[in-house]
Amino acid sequence: MKVNMPTVAFKGSYTVKPSEPTWIGSMGLSEWDQTSCLTHVPVIYFYLPPGSWLSPPTAIADTLKHSLSRALVPFYPLAGRLQWIGHGRLLLHCNAAGARFIEAECDSNLDDLVDSSLSFQPSELHPSVDYSLPIDELPLCLVQLTRFKCGGLGISIAISHAVVDGPAAFHFISEWARLARDEPLQVTPFLDRSVFRAAQPPLARAPPSLDDYPQYGRLPLLVGQWDNLEEREKKTTKTMLKISKSQMEQLKKMGGGFSRYETISGHMWRTACKARGLKMEQPTSLVIVVDSRSRMRPQLPREFFGTATFDVIAQSVVGDLLPKPLGFAARKVREAVQKVTDEYVRSGIELLKSQKDLTKFQDIHKEGPPFLGNPNFEVVSWLTLPMDGFDFGWGKEVSMGLGSHMLDGNSVLLPSPEGDGSVVVALCFQVDHMDAFKKHFYEDMI
Ligand code: COA
C-alpha cells in the first residue's frame, strides 16, 4: 500500500438534481435508519481512462453528472434532505434538492498513491461533510471527482447511512454506472420502508426489554474504569491485513466448521484482547452488523433501498475467549447472528419506538458516537457485498479505497481485489496496540 500525501485543489462544486420530476413528500424513516451510524460512508474508485475519454476534458465530469441526475430519478430518496423532528427523530424530505458533485485536481500521479490493493485514502480525496451545519443542508449523496496528473481519476462517493445501508448504497452505485454506460436500469430499488416501522398497535406479546438488546445498552468498560473517555482520546492508526487463501483455510480448520466471517471475527476478537493485554476477568463485546433482508418473514427483496442492517452483540470474558479454542469465539459470533430473526427484529423496532429519545443511539452528535473500542471490537462484513467492478464507461476501476472514518476497534472484512480467495481486513486500532495486534493476528493462525 502506498501512502504519499497528495495536495488536492478544489475546482468546483455543483448540485445535481433528478433529471425528471420525482415524488415530493415526507418519507418516514425506519427505526434502523435513525439509529447507529447516521454519518456518510465514503468509498473511492480509481480509474485509468483511455485517451479518448480525456478530450474534451469535460467529457468524464459531464457523463458522471448527467447519469447521476438520471440515477436520482429511481433513487430519489438520495436527492432529498433530512430533518430533525424532535427527540432524536428524523424525517426524510424527498424534495429533489439534489446530490453534491465536487471536482478537484491532485498534484500526484495515480501511481504515487495506489496500486492494485485495497487502501485507506486521505480525506482530501473524499467529499467533506460539515456536520456542524443544519442537517437539512447536508446532501445525502456527495461525489468527488479528482483528476490526477497522469490522467487517472478517483471517484469518491459518500452516502448517508441514515438513508441507506451498504448493500443499498452499492446497488445505487452499480445502477448509476449502468446509466453512465447508456445501459438501462437493471434492478429497480424497492422503496417501501414501512416493514421496519413499529406495528400499530404494538405486537401482542410482552414488551421487549433493553436486557434482550445489549446493543442498545452500555458496552463493557475496562475493568477499574467508570467511563470510556480516556480510551476514546487515545491515538489510533489504520492498516489493511491480508489473509491469504491458505491462511484462510488454516484458520477455518482451527475454527472447526464455521463460516469465513465467524472464523475471522472470532480470531480478530481474540487477537484484540491479547494485543490490548486485557485482564482475564475483563468482559468484552463484539459488535456484528447483520443484514436482515433474508431473515425477515417474508424475506425483503435484496433491492430493499433503506437500512435493513441491524447490530447485534456477542459477549464473553477474556478468561474464556483466550484459553478456549477459536471455535468458542466463532460459536459466540454464530449465536449472536442467529438471534436475528423476524421476531427479534420486530421486537427491537418496538423497543426503539418506545424510547423517548433516540439521540443516545446515534453517532452524529458531538458527544461522540457509540464507542466500540477497547475493550470491545466490531467486525463488519463486506465479503458478500457487490462493492466493486463499477464501469462508468471507461473500464472498471484499477483499485478501490476506503475513507478514514473508522475509530478504535472498527474493522471491515473485504474480498481481496485479486479474486484469489484471499480476504483483506481493514482495521483501526490504538497505536499502542497495533504492532501487537499484527503479531498475534498472524502468529496465532498457525
Ligand atoms: N454471495 C456469495 N456468498 C454468499 C452470499 C452471497 N450473496 N451470501 C452468503 N454467502 C456465503 C457466505 O460467504 C458464507 O460462506 P463462507 O464461509 O465461504 O464465507 C456462507 O454463504 C454463509 O453466509 P451467511 O449465512 O451470510 O453467514 P456468515 O457467517 O458468512 O456472515 C453475516 C454473517 C451476519 C456477516 C452476514 O450474514 C451478513 O449479514 N452480511 C452482510 C453484512 C452487511 O450488510 N454489511 C454492510 C453493512 S453497512
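Residues numbered from 1 in each chain as written. Predicted model: local features only at pLDDT ≥ 70, side-chain atom pairs only at ≥ 80, totals over all residues. Heavy atoms only, no water.

(A) Here's a closer look at the overall build of the chain. When its secondary structure is counted, the chain shows ten helices and 16 strands. Relative to its length of 446 residues, the chain is compact, with a C-alpha radius of gyration of 22 Å against a globular reference of 22 Å. Considering only C-alpha atoms, the chain reaches an extent of 65 × 55 × 40 Å along its principal axes. In the chain, the proportion of contacts linking residues at least 24 apart, taken out of those at least 6 apart, comes to 81%. By element, 52% of the accessible surface of the chain is carried by carbon and sulfur atoms, the whole surface being about 18700 Å². Within the chain, one finds 46 positive and 50 negative side-chain charges whose respective centroids are separated by 3 Å. (Helix = DSSP H or I, 4+ residues; strand = E, 2+ residues; numbered from the N terminus. Rg over C-alpha atoms; globule rule 2.2 N^0.38 Å. Contact = heavy atoms within 4.5 Å. Areas by Shrake-Rupley, 256 points an atom, 1.4 Å probe, with all protein chains shown as cover. Lys, Arg positive; Asp, Glu negative; His and termini not counted. Charge placed at Lys NZ, Arg CZ, Asp CG, Glu CD.)

(B) Highlighting the nonpolar core. Of all hydrophobic cores here, the largest spans 67 residues; its most connected members are I155, F172, W382 and F392. The greatest single-element share of this core, amounting to nine residues, is contributed by helix α3 (residues 166-180). Built from parts of two domains, this core gets at least three residues from each of domain 1 (8-195) and domain 2 (232-443). With near-sequence residues (within four places) excluded, F172 lies in contact with L68, A71, L72, F75, L78, C141, I159 and F305. By size, the runner-up hydrophobic cluster in this structure holds 55 residues, among which are I243, Y261, I288 and V345. (Core = buried A, V, L, I, M, F, W, Y, C linked by side-chain atoms within 4.5 Å. Buried < 20%, exposed > 50% of the residue type's maximum accessible area, 1.4 Å probe, protein only. Domains from an automatic or database assignment.)

(C) Molecular detail of helix α6 (residues 260-275). The first and last C-alpha atoms of α6 sit 22 Å apart over 16 residues, in line with the 22 Å expected at 1.5 Å per residue. Most of α6 sits inside the fold, with 14 of its 16 residues counted as buried. Where α6 terminates, the next one or two residues include G277, which has phi positive at roughly 65 degrees. (Expected span 1.5 Å × (residues − 1).)

(D) Broad picture of the pattern of salt bridges. Enumeration according to the criterion identifies 19 salt bridges in this entry. In this structure, D33 engages R193 in a salt bridge whose closest nitrogen and oxygen atoms are separated by 2.9 Å. With a gap of 160 residues between them, D33 in the loop between β2 (25-28) and β3 (40-47) and R193 in the loop between α3 and α4 (229-233) connect regions that are remote in the sequence. Since its relative accessible area comes to 0%, D33 is described here as buried. With a shortest N-O distance of 3.0 Å, E262 and R334 are connected by a salt bridge. Separated by 72 residues along the polypeptide, E262 in helix α6 and R334 in helix α8 (residues 326-338) bring together distant segments of the chain. Several salt bridges share partner residues, and in doing so they unite E175, R178, R181 and E183 into one network. (Salt bridge = Lys/Arg side-chain N within 4 Å of Asp/Glu carboxyl O.)

(E) Seen up close, the packing of helix α5 (residues 245-255) against α6. Relative orientation of the contacting elements α5 and α6 amounts to 85 degrees, with a least axis distance of 10 Å. In terms of axis orientation, α5 runs roughly perpendicular to α6. Taking contact as the criterion, the partners of M248, L251 and K252 in α5 are, on α6, R260, T263, I264 and H267. Here the residues of the contact of α5 with α6 sort into three nonpolar, two polar and two charged. (Axes fitted to C-alpha atoms, helices over the stretch in contact; angles between N-to-C directions. Parallel < 35°, antiparallel > 145°, perpendicular 65-115°, else oblique. Nonpolar A, V, L, I, M, F, W, Y, C, P; charged D, E, K, R; others polar.)

(F) Local environment of the site of the ligand. Around the ligand lies a shell of 20 residues, among which G166, S259, R260, D291 and S381 are the nearest. Residue S259 places a side-chain N or O atom 2.6 Å away from an oxygen atom belonging to the ligand. The side chain of R295 places a nitrogen or oxygen atom 3.4 Å from an oxygen atom of the ligand. Only α3, α6, β11 (283-291) and β13 (377-381) provide two or more residues apiece to the shell around the ligand. The residue inventory of the shell around the ligand, partitioned by class, reads eight nonpolar, six polar and six charged. (Near = heavy atom within 4 Å. Polar contact = N/O pair within 3.5 Å; in protein donor to acceptor, adjacent residues only side chain to side chain.)

(G) Expanded view of the sheet that holds strand β1 (residues 8-16). Taken in spatial order, the seven strands of this open sheet run β1-β6-β8-β9-β3-β14-β7, and their pairing is mixed. Two strands close off the open sheet at either side, each with one partner strand: β1 and β7 (119-120). Pairing geometry for strand β8 (residues 141-148) and strand β9 (residues 153-160), over seven bridges, is antiparallel. When the sheet's bridge partners are listed, L142 is paired in β9 with A158. Contacts from helix α1 (residues 59-71) reach β1, β6 (99-106), β8 and β9 within the one sheet, and its direction differs from that of β6 by about 165 degrees. Of the strands in this sheet, β3, β8 and β9 are in contact with α3, which crosses β9 at around 135 degrees. (Pairing = 2+ DSSP bridges.)

(H) Representation of the domain arrangement of the chain in the model. The domain boundaries assigned to the chain delineate domain 1 (8-195) and domain 2 (232-443). One C-alpha centre belongs to domain 1, the other to domain 2; they are set 24 Å apart. Contacts between the two partners involve 70 residues from domain 1 and, on the opposite side, 62 residues from domain 2. It is W32, L118 and F120 in domain 1 that bury the most area against domain 2; as a group they hold 18% of the surface buried on that side. The tally of links between domain 1 and domain 2 comes to two salt bridges. Remark: the boundary between domain 1 and domain 2 carries 32 residue pairs in polar contact (both at pLDDT 80 or more). Elements with a contribution of two residues or more to the side of domain 1 that touches domain 2: β3, α1, β7, β9 and α3. (Buried area = accessible area lost by both parts, 1.4 Å probe.)

(I) How the structure looks around helix α10 (residues 431-443). Relative to the 18 Å expected for 13 residues at 1.5 Å per residue, α10 spans 19 Å between its end C-alpha atoms, a close match to the ideal helical length. What α10 keeps buried is the set H433, M434, F437, H440 and F441. Looking at the buried side of α10, the elements it contacts are β10 (236-243), α6, β13 and β16 (423-430).

(J) Structural detail: the environment of L372. In this fold, L372 is placed in the loop between α9 (342-353) and β13. L372 sits in the buried class, given a relative accessible area of 15%. When near neighbours in sequence (up to four residues on either side) are disregarded, L372 contacts L219, V287, F377, E378, D408, G409 and N410.

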